[in-house]
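Structural characterization, general
Take a look at the letters that make up each chain.
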Amino acid sequence: FLVRSISCSIMSAPVKIGGDWVENTDPSTGRKYYANTVTKESSWEYPTELKVAEAGGAKPKDEWVEKLDANSGNYYYYNRTTKETTWDKPADFKPAETPVAGVSDWASKVDASSGQTYYYNKVTKESSWEVPAGYVEPSANKEEPKKEEPKKVEVKKAASSSPAPAPAPAAAAAKKTSPTRETSKTTSGKDDDTSDDILKSVEEITAGIGDVTFESFVEEFFKLDRKGMFNSKTSVEKISSWKNELIKTSLLQLPPDLASEALQTFRNVTGYMGDRGSSKEPLGHVTKILSSLMLAPEQLRDEVYCQICKQVNNNPDQVSTVRGWQLMVIMLSSFPPSSRLQLPLTAFCANKLKDVDGGDFVPKYAEFAIRRIPRIFDLGPRREIPTQVELEALKRCAKVTVRINFLDKKYIMVQTDSWTTAQEFNELVAKKLGIEDPTPYALFEVSSDDEERVLEPEERLLDLVSYWQRLAVEERKGKGKGAKIQEFQFVFKVRLFFDVSDSDHAGIEMMYLQASTDVVDARYPCTEQDSLTLAALQVQEKYGDHPGPGKEFTDLEGIDSKTGKPKLMNFLAHKYFADGEDRNQELIQQILKLYAKLSGYSTQEARLSYLDYVKSWKIYGSAYFFAEPQNSSLRFPSAIVLAINSKGILIVDPDTKEFLAEYTFKDVVTWGHSSNSFVVVTGGMMRQTKIYFKTDQGKEINSIVKSYVERVMGPK
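Throughout, residues of each chain are indexed from 1 in the direction in which the sequence is written. In keeping with the predicted nature of the model, local features appear solely for residues at pLDDT of at least 70, side-chain atom pairs appear and are counted solely at 80 or more, and the whole-chain, interface and lining totals rest on all residues. In computing side-chain values, all of the structure's heavy atoms are included and hydrogens and water are not.

1. Re the overall build of the protein
Helices and strands together make up the secondary structure of the protein, namely 18 helices and 24 strands. The buried label goes to any residue with under 20% of its type's maximum accessible area, the exposed label to any with over 50%, and the partly exposed label to all in between, with areas taken from a 1.4 Å probe on protein chains only. Burial statistics for the protein: of 716 residues in total, 50% are counted as buried. For the protein, restricting intrachain contacts to residue pairs at least 6 apart in sequence, the fraction spanning at least 24 positions comes to 61%. Residue exposure ignores everything except the shown protein chains as possible cover, and the areas themselves are Shrake-Rupley values with a 1.4 Å probe. Total accessible area on the protein stands at roughly 35900 Å², and carbon and sulfur atoms take up 50% of it. Here a helix means four or more residues in a row that DSSP labels H or I, a strand means two or more in a row labelled E, and each is numbered from the N terminus. We call two residues contacting when some pair of their heavy atoms lies within 4.5 Å.

Right under this line is the structure:
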């Protein structure tokens, strides 16, 4: 999943053109549009009243019709005469006579978020995913809504009576066969495996609510004395129900500084929901809320949860209610409620499981929220504000698809959500690939500068993607629009070189891929003969049996366009590439000679033989760490390399590549680390040696040593 560069559009200053009208330029298309500063109308077409005034003629008769925008669920108005469109109801608009509900009252529409067709009744305002009784397909010549509309200048007015689009939570896609690495070299299949099975069921969660209610929480913690100059007491029902105006003080008992922030938060909540007019884009309100609450005290976070509950409770507007529940899900992806609010919030959502008065979508959102409340409570707050892609997915209770790369340039596409950790994702990818034991493998963050790090087990994938995007925005801002910026990707590969069962074909493939890549990249010191033998095994693994003497083998002929070397040289350790053509041909002939002797080896046999060969090396499977020894008595150089693998700990001279010391894990008594050091104690009962190393990678060294010791010796 590579981070793409982000461009920021700058809106030009409006130019007054007459009356209350101004001319502006839409930054996304470059087209001019016109906006009325008083009526808030906007149009791609030059204002009719200005045309009339300039021509000195009479204004033509307006023919306004009301239409529903399927993307937002809002109504807009279209003038058949002037071709104007506006979100606000024109003063001279006259609605058509309302017919009696019947067959012709139903219309089909496409939900922009899911691509599914739903059905909307123009009279009863009902919406449904199912085909209603008596629905008749429209004729081919039926008028279609105008597809291109002017930029929305102002959000709909408060308490709009427009219905919500069809239920927002994305419907589960039909189960597909998960693609394997073998089929994803040039295609990207979508993964339907989910992490939902790690969540508790609704029944399990609601069983723990007991007698707790949201109303009892309101009565105990809300500021009920808030009416009039004498602070008369309001009712629990009133203070916890939707309000079509701004609150004058916080819902919860908060310190003065937090109370003022709570009022601004409520402005953003109602701005996003459409309960009040706002010139800000809806997701702009979400970003404002998250920016102020990501590091805020938990009392203020509880306040926003209470504000959302209030605004979705007894809300007469389905569009507003949808957006309120969307906010609930977004908040639950970012930070948890406090321990005192966790059960009351769960109880509030549980009471909405059968609430269809506000729309069919309410129970679906409520169920989704219930299952995420304990999840976010366990995970804690995230570090970064979600990306726009993630926010759009959260609005639909959907997942985000990320690309997972492998060392051989193949990749798979896997779905994840805001709550998935690296450890859970590793298990998901391993399962998708058919790997029996996921323990040796891990997800790495790899930069375009070839710097890499393994993801921490509890690190959330999409939080990291948000971090990548923030870095990209900051770097682009500093370097300029056309500058090259650092990019990141996820790479799934071997972290711990444990022995893998021969029957685990997918696991063997991953081990072979890691070993062959490391050999070709010259991560291991190997002789020329070793490199030639392993190159022949690679060719056998990839192409099968040699076609025989004198027969063409076009797959291995010619020059590789990427390396500029003969194709066969791609299997040889880089350090053996020769400058002379004669020497290269000599090496190629030696590979082909060895390759011909491997006839009859299956793909699996070639992989196993390759792994058996490299496992005999003392250095095989090592993770390398630069460190500075702090024990002068041991006479190590000032800088060494710690090479750690399944056999033990090696201390290597970085210049001569000489092994200065070797400690098997049976020799290791204990070990530990700090933020800038790693320490290991070796020896036996009678004599022990403590060795200190200065390194900023102590945590990762400690983790790898612990994993190998537990595998070799059992948990300590």
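2. Remarks on helix α15 (residues 528-543)
Across its 16 residues, α15 extends 22 Å between first and last C-alpha, which sits within 8% of the 22 Å expected from 1.5 Å per residue. All of the buried residues along α15 are Asp 530, Ser 531, Leu 532, Thr 533, Leu 534, Ala 535, Ala 536, Leu 537, Gln 538, Val 539, Gln 540 and Glu 541. Within two residues after α15, Gly 544 carries a phi angle of roughly 85°, on the positive side. A helix's residues, less one, multiplied by 1.5 Å, set its expected span.

3. Examining the pairing of strand β15 (residues 441-447)
The buried fraction of β15 amounts to seven of the seven residues, a majority that puts the element mostly inside the structure. The alternating pattern of β15 places Tyr 441, Leu 443, Glu 445 and Ser 447 on one face and Ala 442, Phe 444 and Val 446 on the opposite face, and all of these are buried. Here a strand pair is declared whenever DSSP counts at least two bridges between the two strands. Pairing geometry for β15 and strand β17 (residues 488-494), over seven bridges, is antiparallel. Bridged to Val 446 within β17 is Gln 489. As judged from the three bridges shared by β15 and strand β16 (residues 452-454), these two strands associate in the antiparallel manner. When the sheet's bridge partners are listed, Val 446 is paired in β16 with Glu 452. Here β15 hands over to β16 after four residues, with Asp 450 in that stretch at a positive phi of 65°.

4. Digging into the packing of helix α6 (residues 282-293) against helix α8 (residues 318-332)
Angle between the axes and distance between the axes: these two values describe a pair of packed helices. Here α6 crosses α8 at 35°, and the two axes come no closer than 11 Å. Taken as a pair, α6 and α8 cross one another with a handedness that is right-handed. Between α6, through Val 286, Ile 289 and Leu 290, and α8, the contact on the second element is made entirely by Leu 327, Ile 330 and Met 331. Per-class residue counts for the contact of α6 with α8 are six nonpolar, no polar and no charged. Here an axis means a line fitted to C-alpha atoms, over the contact stretch when the element is a helix, while the angle between two N-to-C directions is reported on a 0 to 180 degree scale. Handedness of a crossing follows from how the near helix is turned relative to the far one, being left-handed for an anticlockwise turn of less than a right angle and right-handed for a clockwise one. Polarity classes work like this: nonpolar for Ala, Val, Leu, Ile, Met, Phe, Trp, Tyr, Cys and Pro, charged for Asp, Glu, Lys and Arg, and polar for all others, with Gly in that last group.

5. Some points on the sheet that holds β17
Backbone-to-backbone hydrogen bonds join strands into a sheet, with any given pair of strands oriented parallel or antiparallel. Strands sit in the order β14-β13-β17-β15-β16 across an open sheet of five strands; the sheet is mixed. With one partner strand each, in any of the chains shown, β14 (411-416) and β16 form the two edges of the open sheet. Strand-to-strand, the axes of this sheet are offset by a mean angle of 40°, without reference to chain direction. On the sheet, helix α14 (residues 505-520) packs against β15 and β17 and is oriented at approximately 110° with respect to β17.

6. What to know about the pattern of salt bridges
We define a salt bridge as a contact between a side-chain nitrogen of Lys or Arg and a carboxyl oxygen of Asp or Glu at a distance within 4 Å. Enumeration over the complete set of coordinates arrives at 27 salt bridges. Between Arg 583 and Glu 528 there is a salt bridge; the shortest N-O distance is 2.7 Å. Taken together, the residues span a long stretch of sequence, with Arg 583 in helix α16 (residues 581-596) and Glu 528 in helix α15 at a distance of 55 residues. You can call Glu 528 partly exposed: its relative accessible area is 27%. One connected set of salt bridges, linked through shared partners, spans Arg 382, Arg 383, Glu 390, Glu 445, Arg 453, Glu 459 and Asp 463.

7. Here we look at the sheet that holds strand β20 (residues 648-652)
Read from one edge of the open sheet, seven strands run β21-β20-β19-β18-β24-β23-β22, paired in antiparallel fashion. The open sheet has two edge strands, β21 (659-664) and β22 (668-674), and neither has a second partner. In this sheet, neighbouring strand axes are inclined to one another by 30° on average, regardless of whether the strands run parallel or antiparallel. When β22 meets strand β23 (residues 677-683), the two strands line up antiparallel, connected through six bridges. Paired with His 673 across the two strands is Phe 678, which belongs to β23. Each of β18 (623-629), β19 (640-645), β20, β22 and β23 is contacted by helix α18 (residues 698-713), which is oriented at about 155° to β22, the strand it contacts most.

8. Remarks on the environment of Glu 487
By the secondary structure assignment, Glu 487 is in the loop between α13 (461-479) and β17. Considered as a pair, Glu 487 and Ala 472 are 15 residues apart in the sequence and their alpha carbons are 7.5 Å apart.

9. Focus on the nonpolar core
Definition used in this section: a nonpolar core is a set of buried Ala, Val, Leu, Ile, Met, Phe, Trp, Tyr and Cys residues joined via side-chain atoms within 4.5 Å. Core analysis: the largest hydrophobic core is formed by 93 residues, its most contacted members being Phe 492 and Leu 642. No other element matches the eight residues that α14 contributes to this core. In this view, Leu 642 contacts Ala 623, Tyr 624, Phe 625, Ala 627, Ile 649, Leu 650, Ile 651, Phe 678, Phe 693 and Ile 701; residues no more than four positions away in its chain are not counted. Formed by 59 residues, the second largest nonpolar core is a distinct cluster that contains Leu 258, Cys 306, Cys 309 and Val 362.

10. Remarks on the packing of aromatic side chains
The criterion for an aromatic pair is that two Phe, Tyr or Trp rings (for Trp, the six-membered ring) have centres within 6.5 Å, with stacked assigned to planes under 30 degrees apart, edge-to-face to planes over 60 apart and tilted to the rest. Tallied over the full model, the rule gives 20 aromatic pairs. Seen in terms of ring centroids, Phe 406 and Phe 492 are 6.3 Å apart; in terms of plane orientation they differ by 85°. Their pairing is edge-to-face. Placement of Phe 406 in the loop between β13 (400-405) and β14 and of Phe 492 in strand β17 is noted, with a sequence separation of 86 residues between them. Both residues of the pair, Phe 406 and Phe 492, belong to the buried class. Note on Phe 498 and Tyr 708: the rings are 5.6 Å apart at their centroids and 85° apart in plane angle, and the pair reads as edge-to-face. Highlighted residues: Phe 498 in the loop between β17 and α14 and Tyr 708 in helix α18, separated in sequence by 210 residues. You'll find Phe 498 and Tyr 708 in the same group, each marked buried. Ring-pair connections join several aromatic residues into one group, and the members of that group are Phe 214, Phe 217, Phe 221, Phe 222, Trp 325 and Phe 348. It is Arg 372 that lies over the ring of Phe 368; its NZ or CZ is 3.7 Å from the centre. Of note, Lys 493 hangs over the ring of Phe 444, and the distance from its end group to the ring centre comes to 4.6 Å. Look at NZ for Lys and CZ for Arg. If either is within 6 Å of the ring centre and within 35 degrees of the ring normal, a charge sits over the ring.

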